Amino acid sequence: MQGWWFEAALLAEGWAERVRMTAEQGRIVGITADAEPEAGDERHGVALPGIANLHSHAFQRGMAGMAERRGPAADSFWTWRDLMYRFANAIGPEELEAIAALAFVEMLEAGFVAVGEFHYVHHDRDGTPFADPAEMGARLAAAAAETGIGLTLLPVLYMASGFGGAAPRPEQRRFVQDIDGYARLVEASRGAVAGSPDARVGVAPHSLRAVTPEGLAAAVEIGGEGPVHIHIAEQTGEVEEYLRHCGRRPVEWLLDNAPVDARWCLVHATHVTSAEIEGVARSGAVVGLCPITEANLGDGVFPATDFLAAGGRFGVGSDSNVLIDMPQELRSLEYSQRLVRRERNLLSSMACPSNGRALFDAAGKGGAQALGMGGHGLTPGARADFVTLDRGHPTLAGRAGDGLLDAFVFADKRGMIDGVWRGGRQWVRGGRHVARDRVVARYVRALAGVGITGQ
Ligand SMILES: [Zn+2]
């Protein structure tokens with residue numbers, strides 16, 4: 001039996017003070033408010049449930065900050081993608097594991113307790129499949145096990161370079177599968193995570209650009225009851241091209257032609273009409289928003305205010321991992337709405353007027369749903385996955401209840417997160433991951449081996 005005592009805790013039913021929590025075998029067995037600490041309890045400041053990072057390409061952590069130089073022509077998502085392809089084609093299994101471990105360390109330090117890895121670099125550098133089709137996925141699973149983050153591995157189906165099944169380009173050689181190959185990959189991926197009791201596998205048809213309608217249907221079938229993630233409507237160019245290709249908008253087509261429901265995560269969905277917003281909200285799917293990356297890539301602004309008014313669900317992801325920062329994802333989302341609408345406090349409601357609380361709760365529930373985690377929040381029976389904030393941090397002085405979350409989401413400059421636990425095991429102490437030094441040293445060596453420099 002483990003015991004903790006918190007000055008305050010955000011429980012599934014709301015805030016409580018002087019909270020004693022106990023766990024056995026990684027699961028919460030008891031929570032008592034207004035309690036005294038008992039001998040052997042660890043004492044901490046403010047406990048929050050950990051939230052899931054629903055969309056990541058871990059290897060892209062290795063190129064963070066390398067695409068911030070102006071080129072001769074207009075820079076866009078598509079010029080960024082050229083560098084990303086060069087990077088993706090330069091890393092082997094060892095490098096992937098080393099880079100992913102650093103990304104996962106930083107996610108835990110940022111208060112994320114689980115990650116959805118949208119994983120598409122499957123084959124060897126020359127495009128030849130590895131003997132084990134899940135060789136690269138197994139490296140992600142190893143990095144997750146080493147660092148302690150919860151993993152939902154989402155092997156990607158990638159078939160084409162554009163709408164209508166256009167032939168893949170040479171730089172996409174490591175991603176490409178046919179449907180039979182994909183079925184084998186998903187099966188092998190299930191084997192690759194089998195050693196981690198709470199890791200799981202979903203499916204990820206990459207986008208309507210990269211999979212045919214037949215491929216999409218097959219991937220959904222292969223996924224069974226697990227999560228289904230897809231990139232959609234991230235770029236206006238993509239929406240216009242799809243309109244030219246079939247006369248429909250991507251989200252509109254998807255809602256009409258795929259069994260979109262609560263298992264689905266529509267990543268980005270940036271460019272949507274009000275009818276599409278209503279349709280996605282009605283489907284019960286989660287929209288996966290990645291505000292830092294979407295701003296970095298110049299994608300556009302998702303109409304989150306309208307989507308929440310329609311009852312939509314969302315979670316957040318660190319996507320390109322250019323910067324891994326959970327509170328900043330939440331505040332960037334709110335700020336994007338303020339800048340477009342020239343109003344304040346847009347993603348909260350009169351029922352929950354605190355913006356920090358509204359964003360934190362919604363992203364926690366949406367992220368857990370999208371990753372198939374079976375629930376979110378500190379309550380008996382749940383996994384003991386939680387984050388503590390340093391009650392002595394000056395920005396938290398004089399704050400209580402939702403005011404703590406408003407300070408955390410809108411005024412944190414990193415340094416407020418003290419500890420992070422998963423399944424009752426502590427992975428972050430004093431704001432640092434316990435394996436940080438080792439993981440950083442290996443990352444630096446791996447990056448030298450990749451040989452792509454940011455200069
Ligand atoms: Zn992505």
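Scroll up a little and you will see the structure.
Predicted model, so just to flag it, every value in this text is computed and none were measured.

K.L.:
Please provide a residue-by-residue account of the overall build of the protein chain, values included.
P.N.:
Scanning the protein chain from N- to C-terminus turns up 14 helices and 17 strands. For 455 residues, the compact-globule estimate of 2.2 N^0.38 gives 23 Å, and the C-alpha radius of gyration of the protein chain, at 21 Å, lies within 12% of that figure. Along the three orthogonal principal directions, the C-alpha set of the protein chain runs to about 65 × 45 × 45 Å. Each of the 455 residues in the protein chain was classed as buried or not, and the buried ones make up 59%. A separation threshold of at least 6 residues defines the contact pool for the protein chain, and within that pool the share at least 24 residues apart is 73%. Split by element, the accessible area of the protein chain, about 17500 Å² in all, is 49% carbon and sulfur. Here the protein chain carries 44 positive and 56 negative side-chain charges, and the mean point of each set is 3 Å from the other.

K.L.:
An account of the packing of aromatic side chains is needed here, citing residue identities and associated values.
P.N.:
On inspection of all chains with the given rule, the structure shows 11 aromatic pairs. Geometrically, the ring pair formed by F59 and Y120 is edge-to-face, given 5.8 Å between the ring centres and 80° between the ring planes. Taken together, the positions of F59 in the loop between β5 (51-56) and α1 (77-88) and Y120 in the loop between β6 (112-119) and α3 (135-147) put the pair 61 residues apart, joining distant regions of the chain. Residue Y120 is classed as buried on the basis of its relative accessible area, which comes to 4%. Consider the rings of F302 and F307, whose centres lie 5.3 Å apart with planes at 75°: the pair is edge-to-face. Through a chain of ring-to-ring contacts, three or more aromatic side chains come together here, namely F59, Y85, Y120, Y158 and F175.

K.L.:
An account of the coordination of the zinc ion is requested, with residue identities and associated values reported.
P.N.:
At the metal site, the zinc ion is ligated by H55 (NE2), H57 (NE2), H231 (NE2) and D319 (OD), and these contacts range over 2.1 to 2.6 Å. Considering all four donor atoms around the zinc ion, angles at the metal cover 82 to 173° and the coordination shape is irregular. Between the donor residues of the zinc ion, the gaps in sequence give the motif H-x1-H-x173-H-x87-D. Of this pair, H57 sits in the loop between β5 and α1 while H231 sits in strand β10 (residues 228-232), placing them 174 residues apart in sequence.

K.L.:
Residue-level account of the sheet that holds strand β17 (residues 432-433), with values.
P.N.:
The strand order across the open sheet formed by eight strands is β3-β2-β1-β4-β14-β15-β16-β17, and the pairing between neighbours is mixed. A single partner strand is all that each edge strand has here, and the edge strands are β3 (27-32) and β17.

K.L.:
Describe the pattern of salt bridges, with residues and values.
P.N.:
The full count for this structure, using the stated rule, is 26 salt bridges. Here R190 ties to E187 by a salt bridge, and the two come within 3.4 Å at their closest N and O atoms. Taken together, the positions of R190 and E187, both in helix α4 (residues 179-192) and three residues apart, correspond to about one turn of that helix. Judged by its relative accessible area of 31%, R190 falls in the partly exposed class. Within this structure, E94, E97, E135 and R139 form a network of salt bridges that share partners.

About the thresholds
Residues numbered from 1 in each chain as written. Predicted model: local features only at pLDDT ≥ 70, side-chain atom pairs only at ≥ 80, totals over all residues. Heavy atoms only, no water. Helix = DSSP H or I, 4+ residues; strand = E, 2+ residues; numbered from the N terminus. Rg over C-alpha atoms; globule rule 2.2 N^0.38 Å. Buried < 20%, exposed > 50% of the residue type's maximum accessible area, 1.4 Å probe, protein only. Contact = heavy atoms within 4.5 Å. Areas by Shrake-Rupley, 256 points an atom, 1.4 Å probe, with all protein chains shown as cover. Lys, Arg positive; Asp, Glu negative; His and termini not counted. Charge placed at Lys NZ, Arg CZ, Asp CG, Glu CD. Phe/Tyr/Trp six-rings, centres within 6.5 Å; stacked < 30°, edge-to-face > 60°. Donors = N, O, S within 2.8 Å, 3.2 Å for Na, K, Ca; no water. Tetrahedral: all angles 85-135°; square planar, octahedral: opposite > 155°, others 65-115°. Pairing = 2+ DSSP bridges. Salt bridge = Lys/Arg side-chain N within 4 Å of Asp/Glu carboxyl O.

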